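As a plain string of letters, each chain reads:
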Amino acid sequence: MRLYDTPARGVVEFEPLRPGHISMYVCGPTVYAPPHLGHGRMAISFDLIRRYLVFAGWDVKFVSNYTDVDDKIIARARDEGVSADAVARKYEAVWDDAMRRLRVMPPDVAPRATDHVGAMVALVESLVESGNAYVSTSGDVLFSVRSFDGYGKLSHQSIEDLDAGARVEPGEHKRDPLDFALWKAAKEGEPSWPSPWGPGRPGWHIECSAMAATYCGHPFDIHGGGSDLIFPHHENEIAQSEAADGVVFARYWLHTGMVNLEGAKMSKSTGHFLSIEDALARYSPEAIRLLVAQTHYRNQLDFSPALVADSEAAVDRIATMCERAAEALGLDAATLRAAPAIVAAEPEAGAMAAFQAAMDDDFHTPAATAVLFDLVKRANAAVDRDETAELPALLAAIAAVDSVLQVVPPPARGDTALADVMELVLELRQRAREEKDYATADRIRDRLAEAGISVEDSPEGAKWRRRRR
RNA sequence: GGCGGCGUAGCCGAGUGGCUCAGGCAGAGGUCUGCAAAACCUUUUACGGCGGUUCGAUUCCGCCCGCCGCCUCCA
């Protein structure tokens, strides 16, 4: 298996720390606002990667945190007149719900920063002892970037280059403009924890260093996140994790591309974004996942309604195929879509080989979707030719590929009242057709289409189904 | 200014030094149908510009143009 490693600036062969095992840490959300499609893309991208690793037989430990103590959370709490903890818990739930709806698997461990302050304090202490950190006159504990030789190795910047663009806020008392806070002294009314340097709270970067080491080990295999976290967040994680003991922090770094909306990056801070909730009100989770999978995870994704509409049509096509195949095999369509593995058959070997080859090459999901659509086309062709013998192997392969992609839509919830009404309507329409009253038959079909129900005539009688938009 | 990415057919989006091709969506024609739909088959001046390397470049190199990201909180 090969993957693109950010510090190596290229695709490298993956070698696990322990054979058969992969420990993975992906930076989770700061829970102060609803997540947007940028977060969704990042989460779906890593979900695709994780599901594939599991599919490929790795024993994966997937850890993703909640940053639940932060300036923005505190500011939000102040604005709303509630506690910081209340804000964090609220948006944690919003995040979980969004992830569930996007069919993103929950992490094996989802640690909260506030539950790991002790480990952070211990890490800061060791950095102070090793001379990599100092207590500033303002009472903060700062990391001295010049004390760490490798600073800049992830983002490929020299300290000099970075220095030129660095800003210093008044009152920070930094020895170097690039030095960053490991521990912030408590201000009036802020959440705080006891420490050797007085009450305070952890800096942003230290939590990930502490939690990743706690749950994934030191070192661990793969660290992931959005590409906008490369600097300074991940660069700083490396510095503070490696400076004290010289042990490598994460062995491979994976970064996902940004999502653009109308030509500019989505960003919570600028208000230029489409929330996951709003997106899901208009588009199906499967269409959003397909859109994400059809673009390589490292590339920028330019989001637009027209784009999801395309994906929606493609997802619809997969759903239609499932129904046709189920009928051809005499299976219940809903059961087939809910549990495609019902067709107990060996997945078609050629497709599986193509799928694995694609995913082993830096998680090439665009090629994997091509494999899926090739299977859909072959399954449809088999139904057309009435060659159902090869169908189970094709469906098993589709199920296998979809165990990673998760783009086959689940069956619509059964609405028996609608089904009864439709039975009557189609019966009346059939009577009109038999009487060659095609005007009436077509009018019924057209009106149903307007109501979002398509009607298809076939030798076995008319079939109907609800259309996605 | 420093670091990095991208520019591929109507749209989105993979990929490759020459060989038949990614894939999806849309459009056109065909099969099927009372007409449709679905499905299948066929199909639509493709590789930003200018040079260079090469027997041969969309693919490698250089320059230019355009777009985007990071360098500050950010998925």
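Reading guide: rules and limits
- Once a new chain begins, its residue numbering starts again from 1 and follows that chain's sequence as written.
- Both sets of labels track the order of writing: A upward for chains, 1 upward for ligands.
- This being a predicted model, a pLDDT of at least 70 is required before a residue's local features are given, and a value of 80 or more before pairs of side-chain atoms are given or counted; all residues contribute to the totals for chains, interfaces and linings.
- Side-chain measures were taken over the full set of non-hydrogen atoms in the model, leaving aside hydrogen atoms and water.
- Strands here mean DSSP runs of E at least two residues long; helices mean DSSP runs of H or I at least four residues long; both are numbered from the N terminus.
- Throughout this description, buried means an accessible area under 20% of the type-specific maximum (1.4 Å probe, protein chains only), exposed means over 50%, and partly exposed covers the range between.
- Throughout, a residue-residue contact means that at least one pair of heavy atoms, one from each residue, lies within 4.5 Å.
- All accessibility values rest on the Shrake-Rupley procedure with a 1.4 Å probe; residue burial counts only the protein chains present in the view.
- Residues counted as positive are Lys and Arg, residues counted as negative are Asp and Glu, and His and the chain ends are not counted.
- Where a charge sits is defined by one atom per residue type, namely NZ (Lys), CZ (Arg), CG (Asp) or CD (Glu).
- Criterion for a disulfide: a pair of cysteine sulfur atoms at a distance within 2.5 Å.
- An automatic or database domain assignment is the source of the domain bounds shown.
- Here a residue is near a molecule or strand as soon as one of its heavy atoms is found within 4 Å of it.
- Whenever two N or O atoms come within 3.5 Å, that pair is a polar contact, provided that in protein one can donate a hydrogen and the other can accept it, and provided that, for residues adjacent in sequence, both atoms are side-chain atoms.
- Gly falls in the polar group here, along with every residue not listed as nonpolar (Ala, Val, Leu, Ile, Met, Phe, Trp, Tyr, Cys, Pro) or charged (Asp, Glu, Lys, Arg).

**Let's talk about the overall build of chain A**
When helices and strands are counted, chain A shows 16 helices and 15 strands. Viewed in the frame of its principal axes, chain A has a C-alpha envelope of about 95 × 50 × 35 Å. Within chain A, buried positions represent 49% of all 469 residues. In chain A, 74% of the contacts between residues at least 6 apart in sequence involve partners at least 24 apart. With an accessible surface of roughly 21000 Å², chain A has 51% of that area assigned to carbon and sulfur atoms. Looking at chain A, you have 50 positive and 71 negative side-chain charges, and the mean spots of the two groups are 4 Å apart.

**Notes on the state of the cysteines**
A complete count under the given rule lists zero disulfides for this structure. Cysteine C27 is unpaired, with the sulfur of C208 as its nearest cysteine sulfur at 3.8 Å. We classify C27 as buried; its relative accessible area is 4%. C216 carries a free sulfur, and the closest cysteine sulfur to it, the one in C208, is 11 Å from it.

**So, the domain arrangement of chain A**
For chain A, the assigned domains read domain 1 (2–282), domain 2 (314–405) and domain 3 (416–466). Computed over C-alpha atoms, the centres of domain 2 and domain 3 are 29 Å apart.

**Describing the protein's contact with RNA strand B**
Taken together, 58 residues form the shell around RNA strand B, and within it K72, W204, L229, K265 and Q300 come nearest. Counting only the atoms of RNA strand B that lie within 4 Å of the protein, the sugar and phosphate share comes to 70%. The backbone of V259 places a nitrogen or oxygen atom 2.9 Å from a base nitrogen of RNA strand B. Q294 has a polar backbone atom sitting 3.3 Å from a sugar or linking oxygen of RNA strand B. Looking at the surface near RNA strand B residue by residue, the class counts come to 19 nonpolar, 22 polar and 17 charged.

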